[in-house]
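One letter stands for each residue in the lines below.
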Amino acid sequence: MLCIQCHLEVSEGKRFCSECGSAQFLQCPKCNAASPIGKSFCADCGTSIGGTPSPSHQTASVVADRTPDTANDAKDVKSGERKVITVLFADIKGSMELIENLDPEDARAIVEPALQLMIDAVLHFGGYVVQTTGDGIFAMFGAPVVHEDHSHRALYAALRMQAELKEYSARISADGHQPVQGRVGVHTGEAVVRPLKLGNGQIEYTPIGHSTSLGARLQTLAPVGSIAASEAIRQLCEGSCEFNDLGLAKVKGVSDLVKVYEVTGLGKQRTRMQRSAGQGFSKFVGRARELDSLRYAAQQAQAGSGQVVAIVAEAGTGKSRLILELMNDFRSTTKVLETSSVSHGKTSYCLPLIELLQSYFGIEAQDNEQKRRGKVSDKIENLDPQLKDIQPYLLNLLNLNDEDDPLLQMDELTLQSQTWESLKRLLVRESVNQTLTLIFEDLHWIDDQTQEFLNLLADSIGTAKILLIVNYRPEYIHRWNSKSYFTQIRLDPLGDATAEEMLTAMLGDNEQLSDLKRLIFEKSSGTPFFMEEMVKALFDDGTLARDGNVMLTKKLDELDIPSSVQAILAARIDRLPAHAKEILQTLSVIGKEFSISLISAVTASSPEKLDKQLKELQLGEFIYEKLISGEKGYIFKSALTQDVAYNTLLIERRKILHEKIGVSIEAVYHFSIDDHIAALAYHYGRSNNIDAGIQYLTHSGRQKLMEARKKSELISHNSLTKAESPEAASVVDDQVATLDFLDSIWRYPVKSMAGEALQSVFVSDKGIVGDRVYAFVNEESNRTAVVRKWAESLLNYHPYFTSEPDPNSPVPPLRIVMPSGDTLSSVDSDLEEKISTLFERKLKLMTTAPPGLLIEVPVGTLGGALSEVTEFPLAGGAPAGAFFDYGCLHLIASSTLNHFQKKYPQGRFDVRRFRPNLVIHSDAEPFVENAWVGRNIMIGQELILRVSIPCPRCISVTLAQDDLPRDPSILRAIAEQNMCDLGDFGTLPCAGVYAEVIKAGHIQRGDTLRFVD
Ligand SMILES: Nc1ncnc2c1ncn2[C@@H]1O[C@H](COP(=O)(O)OP(=O)(O)OP(=O)(O)O)[C@@H](O)[C@H]1O
Ligand SMILES: [Mg+2]
């Protein structure tokens, strides 16, 4: 038989694994009697004990650490959630050949046990079997119950199923059957997990997403009998498992090659501290006060006054590291025995105690049973011959007793209490010779039996030279507070200065990195593990590089959440009861802070209920109370928690909540709405109510503009004083002289259709020759369209001239490449008919704009002044007869486009969205074009322009074209960054400027710009 935990051989009939100590039986929840794994009911009292459940009956009894109850699990995901999960696909390789000549019943007898052991392995590590096929399973870890170590659990399950399959295969081969071999694929990534209610009332969960498919593909890439894992898995589990690089593989449905690894076994670095030690610890910072308290307790213990010290803090705050630092001082003067609970260990009987004893007796993995026994008896004999009577109990705990040991006949309760007593005596006796430091880590995962022993020990060490140090996360509860020799040390995240010290130790003191350090500190709220992981992720993705010093390779305004951190925070959020979690998610959409009246309006909960739920979140330290504009309110304790909670929501749900919040702000702050315009623009802008979003964005931009004006008045006042010095004046002159050059030239042969990039061109007084010389005009209404729905797809039509246009000759004919790839020609007699059919209105191709031609725009497109106008005259700032919306040349600076891109990195600020004629390469500040208004600019040696007005933007920049997706946030970003007062048009989101031609001339890419006014 193989151990259910570590897969090593367990002697037949033994109840514990001699290697890892895990129980090899199920314990009856009613009478505590032990039953073999696989049984469904207790043989002593008939109570259901779970056995080895089938996927549709995945019961809590064998699923480790199901912290939230099953009812809550169901509610949690009632409309689906985004979760980072690990998927595991396993199948029996060559099942067809295996059962080829077998009767179906015999075949089933061979395949079913193999499937069952796969299922058992998944359930043992808290996974969820999504589906079983005839010869394989699909399982996930991390949902519906979130475990912060879901990727580790999946690999442990995979290793276990492979080990068991090997053993099973050997057994059936001995009976003359074909051997059985399995392949497993494991991957971690984001998925939407949706519940599905079955007819029988049960709920099943199915993950949907790309990561699921990749997991399935990896399985097919796994060498027979092995486990294939992705790079994402390796990054999370390196150290706790061994990986063998299998190289790059082409995977169907994935454009890039995928890195594949074989998981070859368990690694040596099982705990975070071991992994940190493997990678090199960060420089230890701060914690002087806490170390003092620990040292004081250690001195008390050395003086014979036993102490219990508990270190409590959230994950990653530094509990284990603090102990490690203390032990650096004390290891030489005391005997140290340390152990810890593991997250999937709640069902493993006394695992921490067994580990502690194995280390005390010096038992090693390769020792056989006899050697182990010898080590135990020698050590006890040397310590104190009078302790001989405790030996059988300790041997039994270590699963080293004889089969005919009378202890095995003893009733379970008596045996257990005698065992605890024996262990306690051993440790107390050991402390007579020297101070004993006992370290029990991670009590939040402790199993009941170890807890029972710890309670007994804590009661008995008051007069022993024992220092018992434990650590745990805040959710763990114990009963030691009343003891005079109990001390609790609460660790807070690192403060500003200590965090800075830690980051400087990791990143050096390069000035270039000070903004990044601040960003990391703010995001992580000073939690050392989060800071370490963020830095590691930045190195991994190449944002940071080391070349003697650490350098930033690109500028960044936002930090991604590393998956290790995401897993910890998501698990914490999932441990909340369903109603509290739902409130937390809603709060995450409202923002970092929120007043109680706004929360009440959004949630529509009764005040008592809401108060209770918020208290729950406060107790869990997710939020703190804070006065918001004189009213009671709350603030998220950590920005990361807010981000993770927000990320769990489906995008559709986020949009609904944003709109609800917008409506609530309008209602709650009815009389002070001007103070909340920015918040309204933010929420509506992320809802389905884009129109309201744009309306508020315009207002919000106007507010920003006014603030900016105030600031710039201040700046220009200051700079005037500075400019009085001759040095300052020369700097100003230099900047003007060395400015920018022409980066690209664009022409749009047909108004509203795609443009073409040019190397050089002649610019006449009517603009670039050939620019917007054609337009499709709705002849009946005398209107052309800019952003009407019907006209959107014009952007996907690519026109080009059959010969280069000349300013003194008629416009040459056109060819138009349609989205289908077919081509139309302006000389074809049926061109207009074809285009009119495609666009369902009568369109005429014109080369001169008829007098009075109007532009159609959707209601409210330009916000403010145009909210009620749907059309206006064409080419207000260009010569009559042209098809320009306003001016005949449109310029934009690269610094402006780059700035938008930085502010909204997910968006694609492709120049095609802006339809400029000239893109000016500029290293100046963004929106430098605004300052060109009214100035004359010479480009190259001939052309002189006069910049007339900033270019207002409407939803045309958000439209899809070719490979660019539709993206309403593009306009939002513009409005947030650059609102300009355009007189009668109102204050509008702008990007780039219009210009008129003062002197015609040739230009080419690379031409420099000079001001000539
Ligand atoms: N004061 C500190 N100075 C420098 N690094 C620290 C400090 N405290 C913690 N760290 C580092 O942060 C990481 C997380 O610390 P640690 O593992 O001790 O957290 P923990 O509170 O024990 O978390 P968990 O609850 O998950 O066990 C480790 O890599 C550790 O070396
Ligand atoms: Mg720890």
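One can find the structure itself at the top, above this paragraph.
About the cut-offs
Residues numbered from 1 in each chain as written. Chains lettered and ligands numbered in written order. Predicted model: local features only at pLDDT ≥ 70, side-chain atom pairs only at ≥ 80, totals over all residues. Heavy atoms only, no water. Buried < 20%, exposed > 50% of the residue type's maximum accessible area, 1.4 Å probe, protein only. Helix = DSSP H or I, 4+ residues; strand = E, 2+ residues; numbered from the N terminus. Pairing = 2+ DSSP bridges. Axes fitted to C-alpha atoms, helices over the stretch in contact; angles between N-to-C directions. Parallel < 35°, antiparallel > 145°, perpendicular 65-115°, else oblique. Left-handed = near helix turned anticlockwise from the far one by under 90°. Contact = heavy atoms within 4.5 Å. Nonpolar A, V, L, I, M, F, W, Y, C, P; charged D, E, K, R; others polar. Salt bridge = Lys/Arg side-chain N within 4 Å of Asp/Glu carboxyl O. Near = heavy atom within 4 Å. Polar contact = N/O pair within 3.5 Å; in protein donor to acceptor, adjacent residues only side chain to side chain. Areas by Shrake-Rupley, 256 points an atom, 1.4 Å probe, with all protein chains shown as cover. Phe/Tyr/Trp six-rings, centres within 6.5 Å; stacked < 30°, edge-to-face > 60°. Core = buried A, V, L, I, M, F, W, Y, C linked by side-chain atoms within 4.5 Å. Expected span 1.5 Å × (residues − 1). Arc of directions from axis to C-beta.

### Side note on the pairing of strand β21 (residues 741–747)
So, point 1. The element β21 is extensively covered by neighbouring structure, given that five of its seven residues are classed as buried.
So, point 2. In this structure, β21 lies alongside strand β34 (residues 918–921), joined through four bridges in antiparallel fashion. The residue bridging S744 from the neighbouring strand is V919, located in β34.
So, point 3. With three bridges joining them, β21 and strand β22 (residues 756–758) adopt antiparallel strand pairing. Bridge assignment links R747 to a residue of β22, and that residue is E756.

### Side note on the packing of helix α23 (residues 651–668) against helix α24 (residues 677–685)
So, point 1. Their axes nearest at 7 Å, the elements α23 and α24 cross at an angle of 155°. Looking at the two axes, α23 sits roughly antiparallel to α24. The chirality of how α23 crosses α24 is left-handed. Facing H658, E659, I661, G662, V663, I665 and E666 of α23, the residues of α24 in contact are A679, L680, Y682, H683 and Y684.
So, point 2. For the contact of α23 with α24, a count of residues per class yields seven nonpolar, three polar and two charged.

### What to know about the pattern of salt bridges
So, point 1. Tallied over the entire structure, the rule returns 43 salt bridges.
So, point 2. A salt bridge links E804 to R747, with the nearest nitrogen and oxygen atoms 2.9 Å apart. Here E804 is found in the loop between β27 (798–801) and β28 (814–817), whereas its partner R747 is found in strand β21, with 57 residues between them in sequence.
So, point 3. Classification of E804 as exposed rests on a relative accessible area of 55%.
So, point 4. When salt bridges that share partners are traced, they join E81, K83, D574 and K581 into one network.

### Points about the site of ligand 1
So, point 1. Near ligand 1 you find 23 residues, and of these G316, K319, R321, R473 and E532 are the closest.
So, point 2. One nitrogen or oxygen atom from the side chain of R473 is found 2.8 Å from an oxygen atom belonging to ligand 1.
So, point 3. One of the side-chain nitrogen or oxygen atoms of E532 is found 2.6 Å away from an oxygen atom of ligand 1.
So, point 4. Contact with the protein chains hides 98% of the accessible area of ligand 1, taken as 630 Å² for the molecule alone.
So, point 5. For the shell around ligand 1, the per-class residue count stands at eight nonpolar, six polar and nine charged.

### A word on the sheet that holds strand β24 (residues 767–768)
So, point 1. Spatial strand order, β24-β23-β39: three strands in an open sheet with antiparallel pairing. Bordering the open sheet on either side are β24 and β39 (1001–1004), each of which pairs with just one other strand.
So, point 2. Inspection of the sheet shows strand β23 (residues 760–764) paired to β24 by two bridges, in the antiparallel sense. When the sheet's bridge partners are listed, V763 is paired in β24 with I768.

### So, the environment of V336
So, point 1. One can find V336 in strand β12 (residues 335–340).
So, point 2. For the pair V336 and L438, spaced 102 residues apart in sequence, the C-alpha separation works out to 6.0 Å.
So, point 3. Here V336 is in contact with M327, R331, T437 and I439, once residues within four sequence places are set aside.

### Points about the environment of E501
So, point 1. Note that E501 resides in helix α15 (residues 496–507).
So, point 2. By relative accessible area, E501 is classed as partly exposed at 34%.
So, point 3. The spatial distance from the C-alpha of E501 to the C-alpha of F284 is 9.3 Å, given a sequence separation of 217 residues.

### Some remarks on the packing of aromatic side chains
So, point 1. Tallied over the full model, the rule gives 16 aromatic pairs.
So, point 2. Where F125 meets Y156, the ring centres are 5.9 Å apart and the plane angle is 55°; that geometry is what we call tilted. Linking F125 in the loop between α3 (104–124) and β4 (128–133) with Y156 in helix α4 (residues 150–174), this pair joins segments that are 31 residues apart in sequence.
So, point 3. Taking 6.5 Å as the distance between ring centres and 25° as the angle between the ring planes, the aromatic pair formed by F909 and F914 counts as stacked. This pair shows no difference in class: F909 is buried, exactly as F914 is.

### Observations regarding helix α22 (residues 639–648)
So, point 1. The buried fraction of α22 amounts to eight of the ten residues, a majority that puts the element mostly inside the structure.
So, point 2. Those residues of α22 not exposed but buried are A639, L640, T641, Q642, V644, A645, Y646 and T648.
So, point 3. The N-cap residue of α22 is S638: its side-chain oxygen and the backbone nitrogen of L640 are 3.1 Å apart.

### Considerations on the nonpolar core
So, point 1. By size, the foremost hydrophobic cluster in this structure holds 67 residues, and its most contacted members are L507, L516, I520, L587 and L617.
So, point 2. Look past the residues within four positions of L617 in its chain and what remains in contact with it is L576, A580, I583, L584, L587, F622 and I623.
So, point 3. W420, L436, I446 and Y476 belong to the second-largest nonpolar core, a separate cluster that totals 46 residues.

### Examining the sheet that holds β28
So, point 1. Read across the open sheet, the three strands follow the order β27-β28-β29; overall the sheet is antiparallel. Since the sheet does not close on itself, it has two edges, and those belong to β27 and β29 (823–825), each with one partner. Across the sheet, the axes of successive neighbouring strands diverge by a mean angle of 25°, strand direction being ignored.
So, point 2. The pairing of β27 with β28 spans four bridges and is classified as antiparallel. In the sheet register, F801 faces β28, and the bridge partner there is L814.

### Focus on the packing of helix α19 (residues 578–590) against helix α20 (residues 596–603)
So, point 1. Look at α19 against α20: their axes get within 11 Å of each other, and the N-to-C directions meet at 115°. Our pair here, α19 against α20, has a crossing hand that is right-handed. In this structure, α19 uses I583, T586, L587 and I590 to contact α20, whose residues at the interface are L598, I599, V602 and T603.
So, point 2. Each residue belonging to the contact of α19 with α20 can be placed in one class, and the counts come to six nonpolar, two polar and no charged.

### So, helix α5 (residues 210–221)
So, point 1. Relative to the 16 Å expected for twelve residues at 1.5 Å per residue, α5 spans 17 Å between its end C-alpha atoms, a close match to the ideal helical length.
So, point 2. Taken residue by residue, α5 has S211, T212, L214, G215, L218 and Q219 as its buried positions. An end-on view of α5 places all buried positions within 160° of arc, on one side of the element.
So, point 3. Looking at the buried positions of α5, the neighbouring elements they touch are β3 (81–93), β5 (136–141), β6 (181–197), β7 (203–208), β8 (227–230) and β10 (258–266).

### Quick notes on unusual backbone geometry
Both trends apply: most residues other than glycine have a negative phi, and most peptide bonds are in trans.
So, point 1. Cis geometry marks the peptide bond from A143 to P144; its omega dihedral reads -5°.
So, point 2. In this structure, P144 sits in the loop between β5 and α4.
So, point 3. The phi torsion at R287 lies on the positive side, around 65°, for a residue other than glycine.
So, point 4. Residue position: R287 is located in the loop between α7 (272–279) and α8 (288–302).
So, point 5. The phi torsion at R915 lies on the positive side, around 50°, for a residue other than glycine.
So, point 6. When you line up the elements, R915 lands in the loop between α29 (911–914) and β34.

### Side note on the pairing of β28
So, point 1. Every second residue of β28 is oriented toward a common face, the buried set being L814 and I816 and the non-buried set R815 and V817.
So, point 2. Here three bridges tie β28 to β29, and the two strands are oriented antiparallel to one another. Considered in β29, the bridge of I816 is made with L824.

### Some remarks on the side chain of S240
So, point 1. Topologically, S240 is positioned in the loop between α6 (231–237) and β9 (241–249).
So, point 2. The class for S240 is buried, based on a relative accessible area of 0%.
So, point 3. A polar contact of 3.0 Å, which involves the side chain of S240, links it to the backbone oxygen of C237.
So, point 4. Excluding residues within four positions of it along the chain, S240 makes contact with H152, Y156, L266, G267, Q269, R270 and R275.

### Comments concerning the side chain of Q307
So, point 1. Relative to the helices and strands, Q307 resides in strand β11 (residues 307–312).
So, point 2. With a relative accessible area of 7%, Q307 lands in the buried category.

This is a description of form; function is not addressed.
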